[in-house]
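Examining the three-dimensional arrangement
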There are 2 protein chains.
Amino acid sequence: MTFNRDKKILIVGLGLLGGSYAMALSRKDYRVRAITKSQATLDYALEKGMIEGGSATVSEEAVAWADVVIFGLYPHVFREWIQSYQHYFKPGTIITDVTGIKGDFVREIQGMLREDVEYIPAHPMCGKEVSGVENADDKIFIGANYLVTPTEKNTRQAIELCRDLGWILGCYRVVETDIDKHDEIIGFVSQLTHCIAITLMTCNEKEHLEKFTGDSFRDLTRIAKINDVMWSELFIENKAALLEQMKEFREQFEKLEEMIASENVSEMREMMQRSTARRKLFDK
Amino acid sequence: MTFNRDKKILIVGLGLLGGSYAMALSRKDYRVRAITKSQATLDYALEKGMIEGGSATVSEEAVAWADVVIFGLYPHVFREWIQSYQHYFKPGTIITDVTGIKGDFVREIQGMLREDVEYIPAHPMCGKEVSGVENADDKIFIGANYLVTPTEKNTRQAIELCRDLGWILGCYRVVETDIDKHDEIIGFVSQLTHCIAITLMTCNEKEHLEKFTGDSFRDLTRIAKINDVMWSELFIENKAALLEQMKEFREQFEKLEEMIASENVSEMREMMQRSTARRKLFDK
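Every chain is numbered independently, its residues counted from 1 as its sequence is written. Following the order in which they are written, the chains are lettered starting with A and the ligands numbered starting with 1. Per-residue local features are limited, in this predicted model, to residues with pLDDT of at least 70; the limit for side-chain atom pairs, both in listing and counting, is 80 or more; totals at the level of whole chains, interfaces and linings are taken over all residues. Think of the side-chain values as coming from all heavy atoms in the structure, minus any hydrogens and water.

Structural notes on the overall build of chain A
Across its full length, chain A carries 11 helices and 9 strands. For this measure, only C-alpha atoms enter the radius of gyration; the expected value for a globule follows 2.2 Å times N^0.38, where N is the number of residues. For 284 residues, the compact-globule estimate of 2.2 N^0.38 gives 19 Å, and chain A sits close to it at 21 Å. Exposure is judged per residue with a 1.4 Å probe applied to protein chains only, and the accessible area is read against the type maximum: over 50% gives exposed, under 20% gives buried, and values in between give partly exposed. Per-residue burial for chain A yields a buried fraction of 58% across its 284 residues. Just so you have it, chain A exposes about 11,200 Å², and 48% of that area is on carbon and sulfur atoms. Charged residues are defined here as Lys and Arg on the positive side and Asp and Glu on the negative side; His and the ends of the chain fall outside this count. Taken as the charge location is NZ of Lys, CZ of Arg, CG of Asp or CD of Glu. In chain A, 36 side chains carry a positive charge and 45 a negative one; their mean positions are 5 Å apart. Helix numbering and strand numbering both begin at the N terminus, where a helix is a DSSP run of H or I of at least 4 residues and a strand a DSSP run of E of at least 2. Shrake-Rupley sampling with a 1.4 Å probe provides the accessible areas, and residues are treated as covered by the protein chains on show and by no other component.

As for the interface of chain A and chain B
Should any heavy atoms of two residues lie within 4.5 Å, those residues are counted as being in contact. Listed per partner, the contact involves 82 residues of chain A and 81 residues of chain B. As used here, buried area is the combined drop in accessible area, with a 1.4 Å probe, of two parts when they are placed together. Both sides of the chain A and chain B interface together cover about 9,100 Å² of buried area, and 65% of this is carbon and sulfur. A per-residue breakdown of the area chain A buries against chain B is headed by A:F212, A:R279 and A:F282, which together make up 9% of the total. Salt bridge, as used here, is a side-chain nitrogen of Lys or Arg placed within 4 Å of a carboxyl oxygen of Asp or Glu. The partner of A:K239 in a salt bridge is B:E263, and the shortest N-O contact between them spans 3.3 Å. Here a polar contact means two N or O atoms within 3.5 Å. Within protein one must be a hydrogen donor candidate and the other an acceptor candidate, and residues neighboring in sequence count only if both atoms are side-chain atoms. Summed over the shared surface of chain A and chain B, the number is 48 residue pairs in polar contact (both at pLDDT 80 or more). Contributions of two or more residues to the side of chain A that touches chain B are made by β8 (145-148), β9 (173-176), α7 (179-202), α8 (215-221), α9 (228-237), α10 (239-261) and α11 (265-280) of chain A. Here the element with the most residues in the side of chain A that touches chain B is α10(A); it accounts for 16 residues.

Observations regarding the relation of the copies chain A and chain B
Both copies of the chain are related through a single rotation about an axis accompanied by a shift along the same axis. Each copy superposes on the other: chain A lies on chain B with an RMSD of 0.0 Å after a rotation of 180 degrees and an axial shift of 0.0 Å. Read as a symmetry element, the transformation amounts to a two-fold axis. In terms of C-alpha distance to the rotation axis, chain A has A:L220 as its closest residue, with the C-alpha 2.3 Å off the axis. Counting the interface residues of chain A, we find that 99% of their copies in chain B are interface residues as well, pointing to one common contact surface. Least-squares fitting of one copy onto the other uses the C-alpha atoms of those residues that reach a pLDDT of at least 70 in both copies.

As for the sheet that holds strand β8 (residues 145-148) of chain B
Residues and elements named next belong to chain B. What the 3 strands build is an open sheet, ordered β7-β8-β9; its pairing is mixed. Across the chains shown, the open sheet's two edge strands, defined by having one partner strand only, are β7 (122-124) and β9 (173-176). Within the sheet, the average angular offset between the axes of one strand and its neighbour, ignoring direction, is 15 degrees. Strand pairing is assigned whenever DSSP detects at least two bridges linking the two strands. Bridge count between β8 and β9: 4 bridges; the pairing is parallel. Within β9, the position partnered with Y146 by the bridge is V174. Every axis in this analysis is a line fitted to C-alpha atoms, fitted for helices over the stretch in contact. Angles between the N-to-C directions lie between 0 and 180 degrees.

Remarks on helix α4 (residues 75-85) of chain A
Turning to α4(A), its buried residues number three or more, namely A:P75, A:F78, A:R79, A:W81 and A:I82. Viewed end-on, α4(A) has its buried residues packed into an arc of 160 degrees, placing them on one side of the element. In this description, one arc is meant: the one made by directions from the helix axis to the C-beta atoms.

Focus: empty space enclosed by the protein
Buriedness for pockets is judged along seven lines, at least five of which must meet protein on both sides within 12 Å for an open set on the 1 Å grid over protein atoms alone, while cavities are sets there where a 1.4 Å probe fits but cannot get out, and lining residues have an atom within 4 Å of a point. Grid points are joined across faces, edges and corners, and a volume is the space filled by probe spheres set on the points. Applying the stated criterion to the full structure yields 1 cavity of 30 Å³ or more. Looking at the largest cavity, its volume works out to about 50 Å³. Lining the largest cavity, in full, are A:T213, A:G214, A:D215, A:R218, B:M125, B:C126, B:I140, B:I142, B:G143, B:A144, B:N145 and B:K284. Here the residues of the lining of the largest cavity are counted per class, giving 5 nonpolar, 4 polar and 3 charged. Residues were grouped as follows: Ala, Val, Leu, Ile, Met, Phe, Trp, Tyr, Cys and Pro as nonpolar; Asp, Glu, Lys and Arg as charged; and all remaining residues, including Gly, as polar.

Observations concerning the packing of aromatic side chains
Describing an aromatic ring pair means giving the distance of the ring centres and the angle of the ring planes. For Phe, Tyr and Trp, where Trp contributes only its six-membered ring, two rings pair if their centres lie within 6.5 Å, and the inter-plane angle classes them as stacked under 30 degrees, edge-to-face over 60, or tilted in between. Applying the stated criterion to the full structure yields 31 aromatic pairs over all chains. When the ring of A:F71 is compared with that of A:F78, the centres are 4.6 Å apart and the planes differ by 25 degrees; the resulting orientation is stacked. Its relative accessible area of 0% is what places A:F78 among the buried residues. Ring centres of A:F249 and B:F253 lie 5.3 Å apart, and the angle between their planes is 50 degrees; this geometry places the pair in the tilted category. Remark: B:F253 occurs in helix α10 (residues 239-261) and A:F249 occurs in helix α10; the pair is interchain, linking two chains. B:F253 matches A:F249 in its accessibility class, with the two residues each being buried.

Topic: the pairing of β8(A)
All names here are of chain A. Burial along β8 is two-sided: N145 and L147 facing one way and Y146 and V148 facing the other are all buried. By the bridge criterion, 3 bridges tie strand β7 (residues 122-124) to β8 in an arrangement that is antiparallel. Bridge pairing in β8 places H123 opposite L147.

Some details on the side chain of A:Q245
Tracing the backbone shows A:Q245 in helix α10. For A:Q245, a relative accessible area of 2% translates into the label buried. Residues contacting A:Q245, with those up to four places away along its chain left out, are A:E184, A:G187, A:F188, A:L192 and B:N204.

Looking at the side chain of A:S26
With respect to the element layout, A:S26 can be found in helix α1 (residues 16-27). Among residues more than four places away in sequence, those in contact with A:S26 are A:V32, A:G49, A:M50 and A:I51.

Re the sheet that holds strand β3 (residues 53-55) of chain A
Residues and elements named next belong to chain A. The sheet built from 6 strands is open, its strands ordered β3-β2-β1-β4-β5-β6 with parallel pairing. Each edge of the open sheet carries a strand with a single partner, namely β3 and β6 (118-119). Relative to strand β2 (residues 31-35), strand β1 (residues 8-12) runs parallel, the two sharing 5 bridges. Within the sheet, the bridge partner assigned to I11 lies in β2 and is A34. Contacting β1, β2, β4 (68-71) and β5 (94-97), α1 crosses the sheet at an angle of about 160 degrees to β1. Seen against the sheet, α4 touches β1, β4, β5 and β6 and runs at an angle of roughly 145 degrees to β4.

This is the structure we're talking about:
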């Protein structure tokens, strides 16, 4: 199953990510509609040509129109939506999402879903430190990694369709991984980094620090502007994996504190050399 | 005393920063020479028009030529240089530096310096994660903060001259602060961020993480490519202030761990809101 232009795409939730999907897909001439709770959001997306139509309420007509449904909702809203409205899906509908946590959440959604509808979990590794459809921007996908996390419930066809979606959006690398490994890795590369940024931003309350700041500090705290509703939910949904990653980070940080306290230059240099070599792998 | 073009400038140590100073000043038609230990470095700088001349050895002729001497050396090399060669300075010479730590180090240099030569400590808040004159780039100064840290030994004239230098380089903000406050702030905004980046880069040894990484992780680890000789020295020279900042960071990080473990959403959101508001102050 490839992602042809005869597939009609419904986006549920036109926020920063949902809006960026709509923009990317409409630009490439796919048929895109949306369901989102605010009429103003719909009007904006229509005016900008991000969607061909949409609705601020959920109806069978709006949902059954689609071959593919992409959920751009917070995890608990996505869960409630499926419970309330899944009877509207057309048989054979493929659904996917943008949710940065998977694991138990995916098992739960797949467990409650109708047999004739398939949920293939995925998300791109990109975003912005602002939210809302007016900040949507399909350039965020360019060069990003796109992660697909199938389970034993998924068919090869739906996996291929979802991988295709990643390429169509403009991602440079599409990676398949299992959901538990995914959560551990996301706990590390995404959630831990946000924890560090907000800690750094709030651990020293001195005024006027901006006058002394260089780019290092700015880089480490770019993501300290954070959507508190979304991220507190994501942290809790992935609590076990995240806490494990935080512990490993803290233990390594404490080792560095000891090296500095004891002026152990050789250990410090060895750690810095390891850091330098490893960081080179992550250049885009 | 303003930084007129009749001031002859000697740069000692043509590394990344020394080279960038040379580039910025020569571009603006100042007379710049250098002393640096490698002939190849000198040849490179001459060929690129960064200096009008220079020497790979230290001589009275080379040193006494200058009205202003800018030291681009590691702290312990700077200290040794002053001990060995300060008798070569012309009376009335103003010296300054690019050293990111001040405090006791400044007191030591000023304490050993001839009475007829004045050391005005300063440095720009910028750099690169690579070293060497071939990476010199005067664009690093554009928009940076430039810090001047006078002591009671400094004259107003030398302070003004040094402030002028910051503007001439292209910095957007020139800030004066006392040396102890400086070290505390630098411990926080610069050294702590490097500690965090190298910890993050070395606390999880899993392979192929780059396939899953987004820009957040890349931003937080850009500076994890680090000059191990220089930074291990800077950490130790500023040990007390840095360890205090590391402790404050770690304690705040532990609070966040507790919030996540106990699923305390309201505290987490409050911390994220504080983080978001505070980060806005640091936009360039």
